[in-house]
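Take a look at the letters that make up each chain.
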Amino acid sequence: MMRSTPLTRRAVLRTLASLPVLGLPCANAALAKPTRYMLDPRASSVGFVFTLSGNAQRGTMPVKRADILIDPQNLTASTVDVLVDVSRAKTGLFFATQAMTGADVLNAARYPDIRFVSTRVQLGASGRISEGARITGDLTVRGVTRPITLEATLYRRPGSRADDLSQLNIRLRGDISRSAFGASGYSDLVTDTVTLDIQATINQSG
C-alpha cells in the first residue's frame, strides 16, 4: 500500500479542488452529516417560459422560502421544500402578467403560493447531482397537487475548495401542464406546456 505523504495529499486536494461540481460524497468528517441550507433570495428565482400567440415569453416568480437539507454522504437522502410567491410574478408583458395571476389561470388572490416538495432524488450515471440527476416531488398549484420530475444540477462556488460546501448553486428544470392544475384559462392564446427553470443560491445555516 502506498504511504500517504504531504506531497501526495496536496496533489489529491488540488485535483479535487479543480472539480467544478458537487459530486460523490466528500471524505471530510465535518461534512458527514446532513446539512441544512438557507436560501439567498437575492440570487434565487423561478423562471418560466410559455408560448403566447406562437411567441415564446419569459417570466419570473420570487422564491419566498426554501428548506433544503443536503446529505453529502448520501445525496439521494437530500430534500427540497420550496415556496414560490405567485402574487409577485412578472412577465415582459403587463397584460400577460395580469392574465396569468388572474382567476382564470393562477388565481394569485386565492392561491398566492406554489409549493414543491421533493420525494425522491435520483443521481446521474456517475453518482453526481451535477450530471443528469432528477428530483421527483409534489407540486402544488391552485390547491392541486401533482407529482412532477425535474432535472437537477448542484454546484459549488467557482474556485472553491472541494470540501467547501458553505455555498451552493442549484438549478431545477422541467415542463409542466398548466391544465393539470386547473390553470387552463386563455387556452386559445397560450399553450398548455410551461417550462420551469428554478435557480437558487443556498448557504449553510448556523
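The structure displayed is predicted, hence computed values, not measured ones.

Is there a simple way to think about the overall build of the protein chain in this case?
When its secondary structure is counted, the protein chain shows 2 helices and 9 strands. For the protein chain, the succession of helices and strands along the chain, N to C, is α-β-β-β-β-α-β-β-β-β-β. A burial count over the protein chain gives 43% of its 206 residues as buried. Here the analysis covers contacts within the protein chain between residues at least 6 apart in sequence; of these, 61% occur between residues at least 24 apart.

Please explain the pairing of strand S2 (residues 55-70) as it appears in this structure.
The two faces of the sheet receive side chains in turn, since in a regular strand these alternate between them. Where strand S1 (residues 35-52) lies against S2, 11 bridges are found, and the strand directions are antiparallel. Counterpart to Ser 45 in the pairing with S2 is Pro 62. Here S1 hands over to S2 after 2 residues, with Ser 53 in that stretch at a positive phi of 50°. Across 2 bridges, S2 lies against strand S4 (residues 90-91) in antiparallel orientation. Looking at S4, one finds that Thr 60 is bridged to Lys 90.

Got a minute to help me understand the packing of aromatic side chains in this structure?
Two descriptors summarise a pair of aromatic rings, namely the distance from one centre to the other and the angle between the planes of the rings. Throughout the structure, instances matching the rule amount to 1 aromatic pair. On the basis of an interplanar angle of 25° and a centroid distance of 6.1 Å, the ring pair of Phe 48 and Phe 50 is categorised as stacked. Take Phe 48 and Phe 50: they sit in the same class, and that class is buried.

Definitions and cut-offs
- Residues numbered from 1 in each chain as written.
- Predicted model: local features only at pLDDT ≥ 70, side-chain atom pairs only at ≥ 80, totals over all residues.
- Heavy atoms only, no water.
- Helix = DSSP H or I, 4+ residues; strand = E, 2+ residues; numbered from the N terminus.
- Buried < 20%, exposed > 50% of the residue type's maximum accessible area, 1.4 Å probe, protein only.
- Contact = heavy atoms within 4.5 Å.
- Pairing = 2+ DSSP bridges.
- Phe/Tyr/Trp six-rings, centres within 6.5 Å; stacked < 30°, edge-to-face > 60°.

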